[in-house]
Amino acid sequence: MKVSIESKVKFLATNPDLCLGCRSCELACGAGKAAKYTPEERNSKRPIVPSIIVTQAQGLNKKIPAYCRHCENSFCLQLCPAKAITREHGAVKINDDKCTGCGICEQGCPYGVITMTSYKVNERTKTLANKCDLCLDRQINDRTPLCYTACPTKAITLHS
């Protein structure tokens with residue numbers, strides 16, 4: 001029996017009561033991104049920005065991981081003038097080759113989890129949007145997202 005990729009892809013959920021605020025999820029995400037950078041990106045010192053950020057919950061004395069919710073009607077996807085944001089296997093994903101770095105997606109995200117990064121390439125500044133893609137490349141190959149794998153308390157869980 002063949003299993004579709006869409007049915008394999010899991011989404012993130014968090015339990016703030018279990019989060020220690022240790023930032024292991026951030027570190028794992030950043031390390032995973034750095035491993036994918038091309039030699040040109042490494043040479044240009046492209047910043048490593050994790051797509052999950054541990055933050056203080058408003059009104060609570062707790063830390064929580066913040067990440068893209070892959071909204072059903074994603075404002076970022078609808079607003080992107082370059083059509084660099086698409087839905088792939090259920091996840092909202094940014095195509096770095098198409099991203100113009102305009103920042104409209106960052107402004108349109110209701111959760112504030114899209115960030116912009118800039119770096120120099122051949123004396124020109126390149127700006128790109130950054131957000132969680134659920135480690136689709138890993139999930140397609142039957143592996144779990146890096147943040148989930150790194151969480152020591154399983155404050156991050158996976159669901160369909």
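Higher on the page you've got the structure.
I will try to describe carefully the structure that is included in this document.

Rules used in this analysis
Residues numbered from 1 in each chain as written. Predicted model: local features only at pLDDT ≥ 70, side-chain atom pairs only at ≥ 80, totals over all residues. Heavy atoms only, no water. Disulfide = S-S within 2.5 Å. Phe/Tyr/Trp six-rings, centres within 6.5 Å; stacked < 30°, edge-to-face > 60°. Lys NZ or Arg CZ within 6 Å of the ring centre and 35° of its normal. Helix = DSSP H or I, 4+ residues; strand = E, 2+ residues; numbered from the N terminus. Expected span 1.5 Å × (residues − 1). Buried < 20%, exposed > 50% of the residue type's maximum accessible area, 1.4 Å probe, protein only. Contact = heavy atoms within 4.5 Å. Salt bridge = Lys/Arg side-chain N within 4 Å of Asp/Glu carboxyl O.

All told, the structure shown has zero disulfides when counted by the stated rule. Its sulfur unpaired, Cys29 is 6.3 Å from the next cysteine sulfur, which belongs to Cys135. Take Cys80: it sits in no disulfide, and the sulfur closest to it among the cysteines is that of Cys102, at 6.0 Å.

Moving on, we come to the packing of aromatic side chains. All told, the structure shown has zero aromatic pairs when counted by the stated rule. A cation over a ring is seen here: Arg69 above Tyr67, with NZ or CZ 5.3 Å from the ring centre. The residue whose ring lies beneath Arg69 is Tyr111, and the NZ or CZ to ring-centre distance is 4.4 Å.

Here we come to helix α2 (residues 24-36). In this model α2 runs 19 Å from its N-terminal to its C-terminal C-alpha over 13 residues, within 8% of the 18 Å that 1.5 Å per residue would give. Taken residue by residue, α2 has Cys25, Glu26, Ala28, Cys29, Gly30 and Gly32 as its buried positions. The inward-facing, buried residues of α2 abut β2 (53-56), β3 (63-66), α7 (146-150) and β8 (156-159).

Okay, the pattern of salt bridges next. This model, assessed by the stated rule, comprises six salt bridges. Across the salt bridge formed by Lys36 and Asp137, the nearest N and O atoms sit 3.2 Å from each other. Remark: Asp137 occurs in helix α6 (residues 136-140) and Lys36 occurs in helix α2; sequence separation between them is 101 residues. A relative accessible area of 47% means that Lys36 is categorised as partly exposed. On the accessibility criterion, Asp137 (36% relative accessible area) is partly exposed. Here Lys93 makes a salt bridge to Glu88, at a shortest N to O gap of 3.8 Å. For Lys93, a relative accessible area of 23% puts it in the partly exposed group. Of the residues examined, Glu88 reaches a relative accessible area of 30% and is grouped as partly exposed.

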